[in-house]
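Survey of secondary and tertiary structure
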Amino acid sequence: MEEVLTFCCPSCLQHSAVTVSLMERRQRLVEDCQNCCEPIQIEIDVRDGAVVRFDYRLAN
Ligand SMILES: [Zn+2]
């Protein structure tokens, strides 16, 4: 199971998207912005197959 999350990049303020797995309850990943290539650190919590928390910030 996967879900596509969209977010507003903190660096370039453009919308970007990341595909996450819903198989793990707590995840931290680093994804490069599709527009400006800045690394974004993403944290999600998954409960019952749904994302219940989605935080992101610049990874540096
Ligand atoms: Zn960006």
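Preceding block: the structure.
All of the points below concern the structure found in this document. (Residues numbered from 1 in each chain as written. Predicted model: local features only at pLDDT ≥ 70, side-chain atom pairs only at ≥ 80, totals over all residues.)

Examining the sheet that holds strand S4 (residues 39-47)
Pairing in this open sheet of three strands is antiparallel, and the strands run S3-S4-S5 from one edge to the other. Two strands in the sheet have a free side with no partner beyond their single neighbour: strand S3 (26-32) and strand S5 (50-58). This sheet shows a mean twist of 20° between the axes of neighbouring strands, independent of strand direction. (Pairing = 2+ DSSP bridges. Helix = DSSP H or I, 4+ residues; strand = E, 2+ residues; numbered from the N terminus. Axes fitted to C-alpha atoms, helices over the stretch in contact; angles between N-to-C directions.)

Here's the deal with the pairing of S4
The sheet contact formed by S3 and S4 spans seven bridges and is antiparallel. Within S4, the residue paired with Glu 31 across the bridge is Ile 40. Joining the antiparallel neighbours S3 and S4 is a turn of six residues, in which Cys 37 adopts a positive phi near 65°. Adjacent in sequence and paired antiparallel, S4 and S5 are bridged by two residues, among which Asp 48 carries a positive phi angle near 50°.

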